[in-house]
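Working through the structure, step by step
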Amino acid sequence: MFERQTESIRSLCYIWRQELKQMFHDEGVIIFFIVVPLLYPLLYSWIYNNEVVHEVPVVVVDESSTPLSRQFVRRCDASPDVKVLCHAADMDEAQSLVSRQVVKGIYLIPADFETRLNRLEQATVSVYCDMSLMLAYKAVFQTAQAVTQQMGSEINTSRTRQFTRREEQVSSRPLDYDEVALFNPTGGYGSSIIPAVLMLIIQQTLVLGIGMLAGTSREANRFSNLIPFSRQYHGMFRIVGGKAMAYLMVYIPLAAYLVLVVPWMFGFTAIGQWQPLLAFMVPYLLACTFFGMVVSCLVRYRENVMLLMVFVSIPLLFLSGISWPQTSIPGFWQGVSCLFPSTFGIRGFVRINTMGATLGEVLMEYQVLWVQTAVYFILACLVYRYQIHITRQTVRDRLADKKAEKANSQLLTPNS
């Protein structure tokens, strides 16, 4: 019994040491395992560090040229989100500026703007937005909407005979509201999307690195080194466990850097406690590791895994339900998303880190990650057993060919 345990530990440590040696002697794997997780989140966070878009340039076509139209333009220009870059003589000139990307929107004030207001009729302001960038569209449209509502309230107040300022306030806005932004006080795009990107980076870089190692080993036929430790089925547990230990040894500190340090460095919302976050990251890292080992069986050459994982990165972000509502995703694609640890990892991490959820409140995601860990661990053992079986058969065929060649050469050589 003691000898069997000693052999198991020895084989486990051997595989762990061999995997670390291959890992740190491969420049491509070092890039995906260390350089990309360290630098890629910084690049994303710096890009979205401003959180919201300010001073979006717009052009004004003021066909009215009256005090009220100029007041509308001044208030829009005074807002933090819009900057009136210039005035255009007509819509053709304004559209030319939009097509050349000089401005992102057009405010068209018709000639009868003030005349209709003086007649107690409803006046309109036409807003034309460049929809290629949703943040710019939001700034241009919401600024015009806020200014028109404010000016409309002031016009209504001036036409009613109220005796006190309080009566004017109630008359202009009889039903008021308080806007409270939950979990994202700045309404920033970075605080919304970066936590999901960080979790996706963990999965994608881990799978890329494992796939490149497997592709290199398959090209060099290094699976033959594992044959002495796979004579029995339980040897697969040693192989998969030793490799997983090597990957986790690198990714545990990297995961702590991604989920704790990066949000703190850039001031993203992080109100979750470290205890549930730590408990949640354990099955996520394990599920990503074994998932990567299963995916690596599909890799014949080391370049294939880059094409595969880079292709699915953006779809996985959408399928997580962060950038697109989960309820609006078709049922088929929701089923596909359940195959990837990132889907439940992103949902659980965002709720814990950004919304302050406890582990019990993300229990479904937590349990699914443990189920994925068990399933992908078993699959990893099976695929590695199959790979070693193929390698063993290849080695036997080569030895048989060499023996046949040697026997033929002896028969063809004349006796001395």
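It should be noted that the structure appears before, not after, this text.
Here we summarise the structure given alongside this text. As the structure is a prediction and not an experimental result, all values here were calculated from the model.

Examining the nonpolar core
Burial of nonpolar side chains together is a common tendency in soluble globular proteins. M23, F33, M199, I202, Y247 and M293 are the most contacted members of the largest nonpolar core, which totals 73 residues. Put simply, the parts of the chain that give this core at least two residues each are helix 1 (2–24), helix 2 (27–47), helix 8 (189–220), helix 9 (235–266), helix 10 (274–295), helix 11 (304–319), helix 13 (341–353) and helix 14 (363–412). At 16 residues, helix 9 tops the list of elements feeding residues into this core. Counting 20 residues, the second-largest nonpolar core is a separate cluster that includes V56, V60, A139 and A144.

Observations concerning helix 13
When the terminal C-alpha atoms of helix 13 are compared, their 17 Å separation across 13 residues agrees well with the 18 Å that a helix rising 1.5 Å per residue should span. Among the residues of helix 13, those classed as buried are P341, S342, T343, F344, G345, I346, R347, G348, F349, V350, I352 and N353.

Observations concerning the pattern of salt bridges
Counted by the stated rule, this structure contains four salt bridges. Residues R116 and D112 are paired through a salt bridge, measuring 4.0 Å at the closest nitrogen-oxygen approach. Owing to a relative accessible area of 29%, R116 belongs among the partly exposed residues under this scheme. Counted as one network, the salt bridges with shared partners bring together D112, R116 and E121.

Overview of a negative patch on the surface
A contiguous patch of negative charge, built from E63, D90, D92 and E93, is present on the exposed surface. Locating D92 in the fold gives a position in helix 4 (residues 91–99).

A closer look at the sheet that holds strand 4 (residues 126–129)
Taking strand neighbours across the sheet as the criterion, the four strands line up as 2-1-3-4 in an open arrangement whose pairing is mixed. Here the strands that pair on one side only, and so sit at the sheet edges, are strand 2 (82–87) and strand 4. Within the sheet, the average angular offset between the axes of one strand and its neighbour, ignoring direction, is 30 degrees. Here strand 3 (residues 105–109) pairs with strand 4 via four bridges, running antiparallel. Bridging from a neighbouring strand, I106 pairs with Y128 of strand 4. Running over the sheet, helix 4 touches strand 1 (56–62), strand 2, strand 3 and strand 4 and is turned about 165 degrees from strand 3.

So, the side chain of T143
Residue placement: T143 occurs in helix 6 (residues 134–159). For T143, the side chain forms a polar contact with the main-chain oxygen of A139, separated by 2.7 Å. Beyond its immediate chain neighbours, meaning those up to four positions away, T143 contacts C76, S79, D81, V82, Y107 and K138.

So, the pairing of strand 1
Most of strand 1 is tucked away: six of the seven residues are buried. Summarising the sheet, strand 1 and strand 2 pair through five bridges and their orientation is parallel. Pairing of V56 across the sheet is with V82, part of strand 2. Each parallel crossover has a hand, and for strand 1 linked through helix 3 (residues 67–78) to strand 2 it is right-handed. Here strand 1 runs beside strand 3; their pairing, made up of five bridges, is parallel. Directly across from V58, in strand 3, lies its bridge partner G105.

Details of the environment of L258
With respect to the helices and strands, the residue L258 is situated in helix 9. With 57 residues separating them along the chain, L258 and I201 place their C-alpha atoms 8.9 Å apart. Residue contacts for L258: discarding those within four places in its chain leaves P37, P41, L198, I201, I202 and P263.

Overview of a nonpolar patch on the surface
A cluster of nonpolar side chains, contributed by V180, L182, F183, I271 and M355, occupies part of the molecular surface with about 510 Å² of accessible area. Residue position: L182 is located in the loop between helix 7 (165–172) and helix 8. For L182, a relative accessible area of 62% gives the class exposed.

Topic: the packing of aromatic side chains
Tallying each qualifying case throughout the model produces 12 aromatic pairs. Consider the rings of F33 and Y247, whose centres lie 6.1 Å apart with planes at 70 degrees: the pair is edge-to-face. Taken as a pair, F33 in helix 2 and Y247 in helix 9 lie far apart in primary sequence, 214 residues in all. In terms of burial, F33 and Y247 fall into one category: buried. Between F332 and W333, the ring centres sit 5.1 Å apart and the planes meet at 75 degrees, which makes this aromatic pair edge-to-face. The exposure class of W333 is partly exposed, given its relative accessible area of 44%. Among the aromatic residues, those joined into a ring-pair cluster are F33, Y247 and Y251.

What to know about the environment of F349
Looking at the element boundaries, F349 is found in helix 13. Using a relative accessible area of 0% as the deciding quantity, one classes F349 as buried. Considering only alpha carbons, one finds F349 and F280, 69 residues apart in sequence, at a separation of 7.7 Å. Not counting chain neighbours up to four residues away, the residues in contact with F349 comprise P195, M199, V259, L277, F280 and T354.

Calculation notes
Residues numbered from 1 in each chain as written. Predicted model: local features only at pLDDT ≥ 70, side-chain atom pairs only at ≥ 80, totals over all residues. Heavy atoms only, no water. Core = buried A, V, L, I, M, F, W, Y, C linked by side-chain atoms within 4.5 Å. Buried < 20%, exposed > 50% of the residue type's maximum accessible area, 1.4 Å probe, protein only. Helix = DSSP H or I, 4+ residues; strand = E, 2+ residues; numbered from the N terminus. Expected span 1.5 Å × (residues − 1). Salt bridge = Lys/Arg side-chain N within 4 Å of Asp/Glu carboxyl O. Patch = residues over 30% accessible without salt bridge, like charges linked within 9 Å, V, L, I, M, F, W, Y side chains within 5 Å. Areas by Shrake-Rupley, 256 points an atom, 1.4 Å probe, with all protein chains shown as cover. Lys, Arg positive; Asp, Glu negative; His and termini not counted. Charge placed at Lys NZ, Arg CZ, Asp CG, Glu CD. Pairing = 2+ DSSP bridges. Axes fitted to C-alpha atoms, helices over the stretch in contact; angles between N-to-C directions. Contact = heavy atoms within 4.5 Å. Polar contact = N/O pair within 3.5 Å; in protein donor to acceptor, adjacent residues only side chain to side chain. Right-handed = clockwise from strand over helix to strand, strands pointing away. Phe/Tyr/Trp six-rings, centres within 6.5 Å; stacked < 30°, edge-to-face > 60°.

Function-wise, these values are silent; they only describe arrangement.
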